Structures are given as structure tokens and as C-alpha cells.
Amino acid sequence: MITHPERVTQNKAVQLLHDVLDYRYLGNLADTENSNIRVDDLRRFLIDKQNCTEAMADEAIMHLREAAQCSLYKDLYNKGLEVYRLLRYGVSVSQGYNDVNKTVHFINWDDSSQNDFAVAEEVTVRRVTEDLHHRRPDMVVYVNGIALVVLELKRMSV
């Protein structure tokens, strides 16, 4: 349950990202299935902005999803490093039989205007770990469908 002061702050933050910085507003995602990668958004970016075929985009997404899957806390550092490398340097994917592989980048680091920025509120993430508790951060910022920023708003007294 969001208290009034937190709601006001959250509304202002969403308004800033949407109205001033022109992020797409994805809405309140409390009642939908969510994950750290919005596959359809990422696939669209890879095809439209990185000139990938559907097969290349799917292969790149598969590599990123495998890297981002972490079931044990002790694996978190290495998984984070692997995801960082993929996000920063891209992934090599097949362009087809007998063709040279292509490096596909998930984020355009050279021209940020080519990226798709989006914000969502109350993003429920269902957990399949030992505690089975769901998580619901107040706000999530996505870049090309990849959750990169998670915001949890709290009163100063909390």
C-alpha cells in the first residue's frame, strides 16, 4: 500500500520521465506477469534499430535471458558481470549458414536517441526462489525492454 506522500513523489517521478524526458508510459503492471526483460520490446528494438532478422533477435535474446537467470544468491556476482558484458559489448549471433557472425548490441551506447525508454509502476515480479514471495518495486525504467533501473520509494521515517 502506497502512502499519500510516496504516491505524490511517484506521480511526480513518472510525470518527469514521461512528460519531460519522453519515456513511454507502460502503466501500472501490478496485475500482470512481468520479468526483467520485456521480450517483445527488445525484439522490436533489435529488428528495427539493430537490423537483425527475427532469428538473430531471438538468438540474442536467448543469450541475454540465460545470462540474467540466477537461481542461487552465490551466483549473483558472476551473473551480474555476464549480463553487464552482454549489455556493454553485445553478443555474437549467427547470420545464417556460411555467413560471418554479427555482434548485436542491446543498447545503443553511441546514440541514446535510438534507444526506447519506458517507465512502469508497481511492476510485480513473481519469484520462483526459496521464499516464493513476490516483489513489487514502485517504478521500473526499461531501456529497449530491459529493466535497468528499479525505484522503491520510502518515507524518510522508514
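Details of the structure are given in the entry above.
Since we're looking at a predicted model, the values are computed, not measured. (Residues numbered from 1 in each chain as written. Predicted model: local features only at pLDDT ≥ 70, side-chain atom pairs only at ≥ 80, totals over all residues. Heavy atoms only, no water.)

Caption draft 1: Broad picture of the packing of helix H3 (residues 54–68) against helix H4 (residues 76–89). Relative to each other, H3 and H4 sit at 155 degrees, their axes nearing to 8 Å. By the angle between their axes, H3 is roughly antiparallel relative to H4. The hand of the H3/H4 crossing is left-handed. For the pair formed by H3 and H4, the contact residues are His 63, Leu 64, Glu 66, Ala 67 and Ala 68 on the first element and Lys 79, Glu 82, Val 83, Leu 86 and Leu 87 on the second. Here the residues of the contact of H3 with H4 sort into 6 nonpolar, 1 polar and 3 charged. (Axes fitted to C-alpha atoms, helices over the stretch in contact; angles between N-to-C directions. Helix = DSSP H or I, 4+ residues; strand = E, 2+ residues; numbered from the N terminus. Parallel < 35°, antiparallel > 145°, perpendicular 65-115°, else oblique. Left-handed = near helix turned anticlockwise from the far one by under 90°. Contact = heavy atoms within 4.5 Å. Nonpolar A, V, L, I, M, F, W, Y, C, P; charged D, E, K, R; others polar.)

Caption draft 2: Main features of the nonpolar core. Ranked by internal contacts, the top residues of the largest apolar core, which has 22 residues, are Leu 42, Leu 46, Leu 64 and Phe 106. Going through the elements one at a time, helix H2 (39–49), H3, H4 and strand E2 (91–93) are the ones with two or more residues in this core. Element by element, the count of residues in this core is highest for H3, at 6 residues. Not counting residues up to four positions away in its chain, the partners in contact with Leu 46 are Asn 51, Cys 52, Ala 57, Ala 60, Ile 61, Val 104, His 105 and Phe 106. Leu 26, Ala 118, Ala 120 and Tyr 142 belong to the second-largest nonpolar core, a separate cluster that totals 7 residues. (Core = buried A, V, L, I, M, F, W, Y, C linked by side-chain atoms within 4.5 Å. Buried < 20%, exposed > 50% of the residue type's maximum accessible area, 1.4 Å probe, protein only.)

Caption draft 3: Up close: unusual backbone geometry. One non-glycine residue with positive phi stands out, namely Asn 51, at about 55 degrees. Note on placement: Asn 51 falls in the loop between H2 and H3. Given a relative accessible area of 61%, Asn 51 falls into the exposed group.

Caption draft 4: Examining the packing of aromatic side chains more closely. Here the structure, examined in full by the defined rule, presents 2 aromatic pairs. Relative to Phe 117, the ring of Tyr 23 has its centre 5.1 Å away and its plane inclined at 25 degrees; by these criteria the two rings are stacked. In this pair, Tyr 23 sits in the loop between helix H1 (4–20) and strand E1 (24–28) while Phe 117 sits in strand E4 (residues 117–121), placing the two residues 94 residues apart along the sequence. Judged by centre distance (6.5 Å) and plane angle (85 degrees), the ring pair of Tyr 84 and Tyr 89 falls under edge-to-face. What makes Tyr 84 partly exposed here is its relative accessible area of 45%. (Phe/Tyr/Trp six-rings, centres within 6.5 Å; stacked < 30°, edge-to-face > 60°.)

Caption draft 5: Quick look at a nonpolar patch on the surface. Taken together, the side chains of Leu 16, Val 20 and Leu 21 define a hydrophobic patch exposed on the protein surface, amounting to about 280 Å² of accessible area. Within the element layout of this structure, Leu 16 appears in helix H1. For Leu 16, a relative accessible area of 43% translates into the label partly exposed. (Patch = residues over 30% accessible without salt bridge, like charges linked within 9 Å, V, L, I, M, F, W, Y side chains within 5 Å. Areas by Shrake-Rupley, 256 points an atom, 1.4 Å probe, with all protein chains shown as cover. Salt bridge = Lys/Arg side-chain N within 4 Å of Asp/Glu carboxyl O.)

Caption draft 6: The pattern of salt bridges, seen in detail. Within this structure, the stated rule accounts for 8 salt bridges. Put simply, Arg 43 and Asp 58 hold a salt bridge, and the shortest N to O gap is 2.7 Å. Of the two residues, Arg 43 is situated in helix H2 and Asp 58 in helix H3; the sequence distance between them amounts to 15 residues. For Arg 43, a relative accessible area of 24% puts it in the partly exposed group.

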